[in-house]
Structures are given as C-alpha cells and as structure tokens.
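Residue-level structure breakdown
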Amino acid sequence: MDGVWFKEICFPVQSKGFRENNPIKELAEKYLPKKSKKRRYNVVNGKLELKNPSATCSWCHKSLILWDGRIGACCYDYDGIHTFGNINEQHFLEIWSSKNFRHYRENLIRYKKLKICENCSTL
C-alpha cells in the first residue's frame with residue numbers, strides 16, 4: 001500500500017437507492033453547481049450524464065475501504081454492491097489477490113467500462 005486517502009462526503013447521486021427515492025432533476029438543481037463550467041454532469045431527461053467522459057480508470061490500481069471494513073471496487077459504489085472481502089476478517093493483500101478482485105480488475109482493463117462505471121465522473 002502506497003497511501004491512504006479520504007474521499008470527502010459528497011452528494012450520493014450515483015447510489016441506486018438514493019436515485020430511486022429522490023427526484024434527480026430537483027436535487028441537481030438544488031445542490032449541483034449553478035455554473036455549467038464547474039459541473040461534472042448535465043441533467044438529461046431526469047438522468048445524470050457526464051459532460052466530459054475519459055477513456056481511463058485508475059480504480060484497477062486501487063481500492064476503497066468502506067465504513068464497515070468491506071473492500072469496495074471504487075468510490076462511486078456508495079451502496080457497497082461490488083465488494084470483495086472485509087479487512088476485519090481477512091488481510092488486505094488476501095482480498096486484493098483474490099480471484100474475484102483480480103477478475104474485476106482484469107475486466108476493467110480489458111473492457112474499459114463495466115456496469116458499475118455507468119455514473120462515473122471519469123469514464
């Protein structure tokens with residue numbers, strides 16, 4: 001491990017549970033930056049669309065530790081749907097080297113975009 005970073009708490013518009021229970025258009029108008037220059041997203045037909053998607057993802061080289069110790073695939077998985085183990089139960093390197101986590105990273109590298117990447121601000 002080269003370092004630990006803490007992601008700031010942010011508006012969880014990528015969370016499926018959050019999206020299903022809240023009107024995205026109203027929330028975007030209320031909470032997202034008013035100046036389009038500072039926005040990552042545009043609201044189109046009630047859904048968020050990335051303004052400037054890129055072709056690379058750095059999450060094949062890092063992971064996320066959720067509040068309860070689960071190791072997640074990326075910081076946009078607010079609901080912890082894609083987790084690979086728990087550091088309270090296994091050593092981090094065991095989880096990182098597991099067949100499932102390796103398969104996830106290989107697919108991310110090979111196909112560039114997975115289901116989890118739909119609402120990513122960098123892809």
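Computed from a predicted structure; not experimentally measured.

The next point concerns the environment of D68. Within the secondary structure, D68 is located in the loop between β3 (64-65) and β4 (70-72). D68 sits 20 residues away from N88 along the chain, and the two C-alpha atoms are 8.4 Å apart. A polar contact is formed between the side chain of D68 and the side chain of R70, at a distance of 2.8 Å.

For the rest of this paragraph, the subject is the confidence of the model for the chain. For the chain, per-residue confidence averages 75 on the pLDDT scale, and residues scoring 70 or more make up 68% of the total. Mean pLDDT in the chain bottoms out at helix α1 (residues 16-21), which sits at 64, and peaks at strand β5 (residues 83-86), which reaches 94.

In a soluble, globular protein the nonpolar side chains are often hidden away together inside. If you look at the biggest cluster of nonpolar residues, it comprises 22 residues, and the most contacted ones within it are W59, F84, F101, Y104, L108 and I116. Those elements that place two or more of their residues in this core are α2 (24-31), α3 (92-96) and α4 (99-111). Examining the composition of this core, we find that three residues originate from one element, α4, more than from any other.

Taken as a whole, this structure holds five aromatic pairs when the rule is applied. The interplanar angle of 5 degrees and the centroid separation of 4.1 Å between the aromatic rings of F84 and F101 together place this pair among those described as stacked. Of the two residues, F84 is situated in strand β5 and F101 in helix α4; the sequence distance between them amounts to 17 residues. Take F84 and F101: they sit in the same class, and that class is buried. Summarising the aromatic geometry, the rings of F84 and Y104 are spaced 5.5 Å apart at their centres and angled 45 degrees between planes, so their arrangement reads as tilted. Here F84, found in strand β5, pairs with Y104, found in helix α4; they are 20 residues apart in sequence, far enough to count as distant. Y104 shares its class with F84; the two are buried. Taken together, the ring pairs in this structure connect F84, F92, W96, F101 and Y104 into an aromatic cluster. In this structure, R105 is placed above the aromatic ring of W96, and the distance from its NZ or CZ to the ring centre is 3.9 Å. For R105, the ring lying beneath its charged end belongs to F101, and the centroid distance is 4.8 Å.

About the criteria used
- Residues numbered from 1 in each chain as written.
- Predicted model: local features only at pLDDT ≥ 70, side-chain atom pairs only at ≥ 80, totals over all residues.
- Heavy atoms only, no water.
- Helix = DSSP H or I, 4+ residues; strand = E, 2+ residues; numbered from the N terminus.
- Polar contact = N/O pair within 3.5 Å; in protein donor to acceptor, adjacent residues only side chain to side chain.
- pLDDT = per-residue confidence, 0-100.
- Core = buried A, V, L, I, M, F, W, Y, C linked by side-chain atoms within 4.5 Å.
- Buried < 20%, exposed > 50% of the residue type's maximum accessible area, 1.4 Å probe, protein only.
- Phe/Tyr/Trp six-rings, centres within 6.5 Å; stacked < 30°, edge-to-face > 60°.
- Lys NZ or Arg CZ within 6 Å of the ring centre and 35° of its normal.

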